[in-house]
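# Summary of the model geometry
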Amino acid sequence: SPEAMRRTLDEMAHTTLLQLFKEKPEARALFDKSAGYAVFDSRKVAFILAAGFGRGVAVDRSTQQKTYMKMASVGVGITFGVGNFDNKIVILIQEQADFDTFISNTQDARMDGKAILGDSKEEASGSFVDGRKYYVLTRKGWAVTASVTGVNYLRDDYLN
C-alpha cells in the first residue's frame, strides 16, 4: 500500500542519515546548512550500458514537507564483480530554489568511479550540478566501476 511504502522509505532515509553522520561526521555540518535533502535506495547493473532505478524521499528542512520520488538512470559504464550492487544515495541541497527545482522533476549528469573490495573503499566522484553534495553509501561487496550516468528524479504520483 502507499502508506506502507512511505513508512519504509521514511525509515530507510532515517537509518541512512544516521549511518552517514556516523561514517562521515563532517556531513552533519553541511546537512545543518542545507535547505533540503533527498535519500534514495538505488540499484544499478552495468556492463557497457549502465542502468539503475530507485525510490526515495526528499525533505524540505524548513517545513519538513516530504516528497516521495523515483529515480532512473542510464549511461555508459563497465562493472566487474560479484556482490550486491545497491547503494543508498544522500543528496544535500544548499538553496531553497534548488530544492524546489529538484522536487519538480530533475535531470542530472553524474560521473563516478569506485573501487570496493570487502571493507576497503576508495571512491572518486564528481558532480556537474552546483549547490548539491552527493554521498553514496555502499554495502560490503566487490566491484570495480567506471561510469557516466544521466539520472532522472521524478515525483512518485503513487506515493504523493
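See the structure above.
Here we summarise the structure given alongside this text. This structure is a prediction, so every number in the text was calculated from the model and none was measured. (Residues numbered from 1 in each chain as written. Predicted model: local features only at pLDDT ≥ 70, side-chain atom pairs only at ≥ 80, totals over all residues. Heavy atoms only, no water.)

### Focus: the pairing of strand 3 (residues 86-93)
Where we set the bar: Relative accessibility decides the category of a residue: with a 1.4 Å probe and only protein chains considered, values under 20% of the type maximum give buried, values over 50% give exposed, and everything between is partly exposed. The helix and strand labels rest on DSSP assignments: H or I over at least four residues marks a helix, E over at least two residues marks a strand, and numbering proceeds from the N terminus. Pairing between strands is defined by DSSP: at least two bridges between the two strands are required.
Of all eight residues in strand 3, eight are buried, a share of seventy percent or more. Residues D86, K88, V90 and L92 line one face of strand 3 and the alternating positions N87, I89, I91 and I93 line the opposite face, and both faces are buried. Note that strand 3 and strand 6 (residues 132-138) share seven bridges and pair antiparallel. When the bridges of strand 6 are listed, K88 appears paired with L137.

### A few points about unusual backbone geometry
Within the chain, Q64 stands out as a residue other than glycine whose phi angle is a positive 65°. Tracing the backbone through its elements, the reader meets Q64 in the loop between strand 1 (36-60) and strand 2 (66-82). On the accessibility criterion, Q64 (48% relative accessible area) is partly exposed.

### Focus: helix 3 (residues 96-103)
The condition is simple: Directions drawn from the helix axis to the C-beta atoms are what define this arc.
If you check which residues of helix 3 are buried, you get F99, F102 and I103. The buried residues of helix 3 all sit within an arc of 90° when viewed along its axis, so they share a single face.

### Examining the pattern of salt bridges
Quick note on the threshold: Any carboxyl oxygen of Asp or Glu that lies within 4 Å of a side-chain nitrogen of Lys or Arg is treated as forming a salt bridge with it.
In this structure the tally under the stated criterion is five salt bridges. Two residues, D32 and R28, come together in a salt bridge whose shortest N-O distance is 3.3 Å. Taken as a pair, D32 and R28 lie in helix 2 (residues 27-33) at a separation of four residues, close to a single helical turn. For D32, a relative accessible area of 43% gives the class partly exposed. Between D156 and R55 there is a salt bridge whose closest N-O contact spans 2.7 Å. Residue D156 is located in the segment after strand 7 (141-155), and its partner R55 is located in strand 1; the two are separated by 101 residues in the primary sequence. Relative accessible area serves as the criterion here: at 1%, D156 is assigned to the buried category. Residue class for R55 comes out partly exposed when judged on its relative accessible area of 28%.

### Some thoughts on the nonpolar core
Cut-off, in case you're wondering: Residues grouped as a nonpolar core are buried Ala, Val, Leu, Ile, Met, Phe, Trp, Tyr and Cys residues, joined through side-chain atoms within 4.5 Å. Residue contacts follow a heavy-atom distance rule, with two residues in contact if any of their heavy atoms lie within 4.5 Å.
In this structure, L17, L20, Y37, V39 and V90 are the most contacted members of the largest nonpolar core, which totals 18 residues. Ranked by residue count, the leading element in this core is helix 1 (residues 2-23), at six residues. Beyond its immediate stretch of four places on either side in the chain, V39 contacts M12, A13, T16, L17, R55, G56, V57, I89 and V90. M71, I91, I93 and I103 belong to the second-largest nonpolar core, a separate cluster that totals 14 residues.

### What about the packing of aromatic side chains?
Two measures describe an aromatic ring pair: the distance that separates the ring centres and the angle between the ring planes. Rules: Stacked, tilted and edge-to-face pairs are distinguished by plane angle, under 30 degrees for stacked and over 60 for edge-to-face with tilted covering the rest, among Phe, Tyr and Trp rings (Trp via its six-membered ring) whose centres lie within 6.5 Å. Remark: a charge is flagged as sitting over a ring if the NZ atom of Lys or the CZ atom of Arg is within 6 Å of the ring centre and within 35 degrees of the ring normal.
For the coordinates displayed, the defined rule picks out five aromatic pairs. Judged by centre distance (5.1 Å) and plane angle (45°), the rings of F40 and Y153 are tilted. Of this pair, F40 sits in strand 1 while Y153 sits in strand 7, placing them 113 residues apart in sequence. Note on F40: relative accessible area 0%, which makes it buried. With relative accessibility at 0%, the residue Y153 sits in the buried group. Ring geometry for F102 versus Y153: centroids 4.9 Å apart, planes at 45°, classification tilted. Note that F102 is positioned in helix 3 and Y153 in strand 7, a separation of 51 residues in sequence. Judged on exposure class, the residue F102 and its partner Y153 are both buried. Through a chain of ring-to-ring contacts, three or more aromatic side chains come together here, namely F21, F31 and Y37. The lysine or arginine in question, R61, covers the ring of F31, its NZ or CZ lying 4.4 Å from the ring centre. Over the ring of Y135 we find K133; its NZ or CZ atom is 5.5 Å from the centre of that ring.

By themselves these figures say nothing about function.
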